[in-house]
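# Architecture at a glance
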Amino acid sequence: MKQVATSLRQFGQINRRVWSLVLLLLVLVLVTVMSLGTGGAHIALGDVIVHIAQRIGLSGSGIDAFDGRILDTLRLPRILRAIVIGGGLGLAGAVMQSLFRNPIADPGIIGVSASAAFGAVAMIVSGHIILGSFYPTIGPYGVPVAAFAGAVIATAFIRILSRQDGQTDAAIMLLIGVAINAMAFAGVGVFTYMADDAQLRSLTFWQMGALAGNGPTDTPALIIMVLGIAYLMSLGSPLNLFLLGEAEARHLGVEVEHLKRRATVATALVVGAAVAVSGIIGFVGLVAPHLVRLVTGPDNRYVLPASAICGAIMLTGADAVARIIVLPAELPIGLVTGIIGGPFFLGLLMREKKRRRL
Amino acid sequence: MSLVANKAGFVVRGRHLLRDVTVAVKPGEVLAVLGPNGAGKSTLLRVMAGEYQATSGTIHQNGQDVSQVAALALAQTRAVMPQAASMTFPFAVRDVVALGRAPFRRNSTRQFDQKLVDHAIRLADIDHLADRAYPALSGGEKQRVHLARALVQVWGMNNPETTGRLDHERDGKERFLLLDEPTAGLDVSHQHALLAVARREAHQNNVGVMMILHDFNQVTAYADRVAVLSAGEIVAQGPVSDIMEPGLLSSVFKSPIRAIDDPAGGFVLVSHGG
């Protein structure tokens, strides 16, 4: 009897987790449709739905050609960027929190985002000096590649510095990340100081984040993000063991150093690519996994996919807000996630504090 | 086939934590490791588990050098109960225990895992905690959770409720259970329950059990053989009855230890300071 009750309860639990994933996906679809209907040009929600139906072949007749073009060429690509970047950041945050066994780890906090921005800013300001005559040919790809290189180098640095006797101490790793964060921001500051007026405008973009994108030059970065996301998604089970501790994970059959190397490189790729496309967007990687754990519990097999979806929802939503709140201009998305995410995270922490009370 | 350290040494920045340690954990037998603080007991356990790599000598498990065996293959034949495992994420106790089934993810079924987890939870006496969040438990309760986790791992694909063929009879690979101060933080009755569980794994399921203990009388009561470690070297090892005598223990622990006749039979070892 007791066993029946146990298995029934567990069945319920699994169902609940699966249902929460389905629910999150539905919310993402909803937010996407609503975001399509939001912006400077007024397009009614009904029109958006008719347009989507026509696009996927469900309906023969479309909507006004001009509105259709706005949706197809302006809003949709932007929302897709938001989904991929938000998903990547949410997932990267969840993976890092497990990897460092610390609930406050996040690509922003350990300096990966800042280092990527440093790479990008260095390229914007001094690219024509470093690359010389190659600058025009490499041109628009230079900045994303530099962002990317910044993220990878920072991650490698953190890993090398925190290794000792063949082991890595997660707490030291986190603190080294904090130091790197400070140095990267100082570097960004130096280049900002050196920049001329035209460069300053694009620098602001790197520091505050924007989803406007850089056209087709974003494609390689977005593809890399999708691949990285797919790989990170598969790490749920080993990362669960990691939460017990590195030695325990090894005792339970995880090749710990392999996992750490692959997971940190994949997160660096995803975060570097995200910064390359949109600049620094904070808090998504921190808040999305926390929010998700409230519903699914700490099991990474559910937390990872759910964090990705939740990150996508958050960024798509924040982008819709950014587009309409200061019409006809738009607010940098990083400011929106900071303004909403900061207090929200504080709220979560207060809740956690209360929970830990005896 | 056993788990054997052969002249194993472990040196960190010139400090010899282990020197020429030769010791064997044999299937069906409980080996207790005894020694003063800092003698290198935990280091030895970690070296034998493949967590640290011996800087000299070798560790062989079932005839294979552990440093050459993949972590997953090791995990399927050897479980470790750590001294202290922290976990800040609020997993339910049952889920922490179930993590012990991870090495068998590909060969096991959910129902089978469930059965083993339930069984281990009963043995470790944590039924009443099964749905609680792990981080909220006390130190002793956490120890019992990790005992249950190590048990579901060392059971492998054996069914605890039937007496079918055991895994090692099927694939010829012996199983080992390493416990690092398993009684630390436990109350007396749970200490005995845990030691009895470990001994039963050895005597009934033919597991090779190695455990670090501090209490002389628990060693005499539950172990078959004992190895005494001091300053990184084995100073004595053999059957419990040969080693557990006051003279040898007094000199190793630098504290007078006496054997007192127990009215219930045998004797107890007592230590009194100075």
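Residues numbered from 1 in each chain as written. Chains lettered and ligands numbered in written order. Predicted model: local features only at pLDDT ≥ 70, side-chain atom pairs only at ≥ 80, totals over all residues. Heavy atoms only, no water.

This part takes up the overall build of chain B. Looking only at helices and strands, chain B features 10 helices and 12 strands. Relative to the compact-globule value of 19 Å for 274 residues, chain B shows a C-alpha radius of gyration of 19 Å, a close match. Summarising its shape, the C-alpha atoms of chain B cover approximately 55 × 45 × 40 Å along the three principal directions. Per-residue burial for chain B yields a buried fraction of 53% across its 274 residues. Here chain B displays about 11500 Å² of accessible surface, and carbon together with sulfur accounts for 49% of that area. Positive and negative charge centroids in chain B, built from 28 and 27 side chains respectively, lie 6 Å apart. (Helix = DSSP H or I, 4+ residues; strand = E, 2+ residues; numbered from the N terminus. Rg over C-alpha atoms; globule rule 2.2 N^0.38 Å. Buried < 20%, exposed > 50% of the residue type's maximum accessible area, 1.4 Å probe, protein only. Areas by Shrake-Rupley, 256 points an atom, 1.4 Å probe, with all protein chains shown as cover. Lys, Arg positive; Asp, Glu negative; His and termini not counted. Charge placed at Lys NZ, Arg CZ, Asp CG, Glu CD.)

The full count for this structure, using the stated rule, is 14 salt bridges over all chains. The partner of A:Glu257 in a salt bridge is A:Lys260, with the nearest N and O atoms 3.3 Å apart. With A:Glu257 and A:Lys260 both in helix H12 (residues 256-278), this residue pair falls 3 residues apart, about one helical turn. Classification of A:Glu257 as partly exposed rests on a relative accessible area of 21%. Taking the shortest distance from any N to any O, the salt bridge between B:Asp118 and B:Arg94 comes out at 2.8 Å. Placement of the pair is B:Asp118 in helix H4 (residues 110-123) and B:Arg94 in helix H3 (residues 93-98), with a sequence separation of 24 residues. Judged on exposure class, the residue B:Asp118 and its partner B:Arg94 are both buried. (Salt bridge = Lys/Arg side-chain N within 4 Å of Asp/Glu carboxyl O.)

With that out of the way, let us pick up the pairing of strand S8 (residues 208-212) of chain B. Residues and elements named next belong to chain B. The buried fraction of S8 is high, at 5 of 5 residues. Of the pairings in the sheet, the one linking strand S3 (residues 30-34) to S8 comprises 4 bridges and is parallel in character. When the bridges of S8 are listed, Leu-31 appears paired with Met-210. Strand direction decides the pairing type here: strand S7 (residues 176-179) and S8, joined by 4 bridges, are parallel. What sits directly across from Leu-177, in S8, is Val-209. (Pairing = 2+ DSSP bridges.)

To continue, consider the sheet that holds strand S1 (residues 3-12) of chain B. Residue and element names in this part refer to chain B. Strand order in the open sheet made by the 4 strands is S2-S1-S4-S5, with antiparallel pairing throughout. At either end of the open sheet lies a strand with only one pairing partner, and these are strand S2 (15-25) and strand S5 (64-65). By the bridge criterion, 5 bridges tie S1 to strand S4 (residues 56-61) in an arrangement that is antiparallel. For Ala-5, the partnering residue across the bridge sits in S4 and is Ile-59. Contacts from helix H1 (residues 41-48) reach S1, S2 and S4, with the element oriented near 60° to S2. (Contact = heavy atoms within 4.5 Å. Axes fitted to C-alpha atoms, helices over the stretch in contact; angles between N-to-C directions.)

Turning to the nonpolar core, a few remarks are in order. Residues A:Ile85, B:Val97, B:Ile126, B:Val219, B:Val226 and B:Met244 are the most contacted members of the largest nonpolar core, which totals 112 residues. At 12 residues, the largest contribution of residues to this core is made by helix H14 (residues 300-324) of chain A. One finds A:Val121, A:Val125, A:Phe191 and A:Ala276 within the second-largest nonpolar core, a separate group that totals 35 residues. (Core = buried A, V, L, I, M, F, W, Y, C linked by side-chain atoms within 4.5 Å.)

A separate point is the interface of chain B and chain A. Opposite the 36 residues of chain B that make contact, chain A presents 31 residues. The contact between chain B and chain A buries some 2800 Å² in all, and 54% of this surface belongs to carbon and sulfur atoms. The interface formed by chain B and chain A includes 1 salt bridge. The partner of A:Arg17 in a salt bridge is B:Asp95, and the shortest N-O contact between them spans 3.9 Å. Our count for the chain B to chain A interface comes out at 5 residue pairs in polar contact (both at pLDDT 80 or more). Elements that contribute at least two residues to the side of chain B that touches chain A include exactly helix H2 (71-75), strand S6 (78-81), H3, H4 and helix H5 (139-154) of chain B. Here the side of chain B that touches chain A gets 4 residues from one element, more than from any other, and that element is H2(B). Residue composition of the side of chain B that touches chain A, grouped by class: 18 nonpolar, 7 polar and 11 charged. (Buried area = accessible area lost by both parts, 1.4 Å probe. Polar contact = N/O pair within 3.5 Å; in protein donor to acceptor, adjacent residues only side chain to side chain. Nonpolar A, V, L, I, M, F, W, Y, C, P; charged D, E, K, R; others polar.)

Residues and elements named next belong to chain A. Together, Val-18, Trp-19, Val-22, Leu-23, Leu-26 and Val-27 make up a nonpolar patch on the protein surface, roughly 560 Å² of accessible area in all. Structurally, Trp-19 is set in helix H1 (residues 2-36). On the accessibility criterion, Trp-19 (57% relative accessible area) is exposed. (Patch = residues over 30% accessible without salt bridge, like charges linked within 9 Å, V, L, I, M, F, W, Y side chains within 5 Å.)

Here we take up the confidence of the model for chain A. When pLDDT is averaged along chain A, the result is 83, and 89% of the positions lie at 70 or above. Per-residue pLDDT, averaged within each element of chain A, yields its smallest value for strand S2 (residues 167-168) of chain A (61) and its largest for H14(A) (92). (pLDDT = per-residue confidence, 0-100.)

Let us look at the sheet that holds strand S10 (residues 233-239) of chain B. Residues and elements named next belong to chain B. One open sheet holds the 6 strands; their spatial order is S6-S7-S8-S3-S9-S10, and the pairing between them is mixed. The outermost strands of the open sheet, each flanked by one partner alone, are S6 and S10. Across the sheet, the mean angle separating the axes of adjacent strands is 15° when strand polarity is ignored. Contacts from helix H7 (residues 188-205) reach S3, S6, S7 and S8, with the element oriented near 150° to S8.

Next up on the list: the packing of helix H9 (residues 219-233) of chain A against H12(A). All names here are of chain A. The interhelical angle for the contact between H9 and H12, taken along N-to-C directions, is 150°, at an axis separation of 9 Å. In this view, H9 runs roughly antiparallel relative to H12, as classed from their interaxial angle. Here H9 and H12 pass one another in a crossing that is left-handed. Contacts from Ala-221, Leu-222, Ile-224, Met-225, Gly-228, Ile-229, Tyr-231 and Leu-232 in H9 reach Arg-262, Ala-263, Ala-266, Thr-267, Leu-269, Val-270, Ala-273, Ala-274 and Val-277 in H12. Of the residues in the contact of H9 with H12, the class split is 14 nonpolar, 2 polar and 1 charged. (Parallel < 35°, antiparallel > 145°, perpendicular 65-115°, else oblique. Left-handed = near helix turned anticlockwise from the far one by under 90°.)

Moving on, we get to the packing of aromatic side chains. Across all of its chains, the model carries 3 aromatic pairs over all chains by this definition. Seen from their ring centres, A:Phe118 and A:Phe191 are 5.7 Å apart, and the 55° between their planes marks the pair as tilted. Here A:Phe118 is found in helix H4 (residues 112-130), whereas its partner A:Phe191 is found in helix H7 (residues 170-194), with 73 residues between them in sequence. Note on A:Phe118: relative accessible area 32%, which makes it partly exposed. Centroid distance B:Phe10 to B:Tyr52: 5.1 Å. Interplanar angle 5°. Geometry classified as stacked. Note that B:Phe10 is positioned in strand S1 and B:Tyr52 in the loop between H1 and S4, a separation of 42 residues in sequence. (Phe/Tyr/Trp six-rings, centres within 6.5 Å; stacked < 30°, edge-to-face > 60°.)

Residue and element names in this part refer to chain B. In terms of burial, strand S9 (residues 225-230) is largely enclosed, as 6 of its 6 residues are buried. On S9, burial covers both faces: Arg-225, Ala-227 and Leu-229 on one face and Val-226, Val-228 and Ser-230 on the other are all buried. Relative to S9, S3 is paired through 4 bridges, and the arrangement is parallel. By the bridge assignment, Leu-31 is partnered in S9 with Arg-225. With 6 bridges connecting them, S9 and S10 associate as antiparallel partners. When the bridges of S10 are listed, Arg-225 appears paired with Pro-239. Between S9 and S10, which pair antiparallel and follow one another directly, the connecting turn spans 2 residues, one of which, Ala-231, has a positive phi of 45°.

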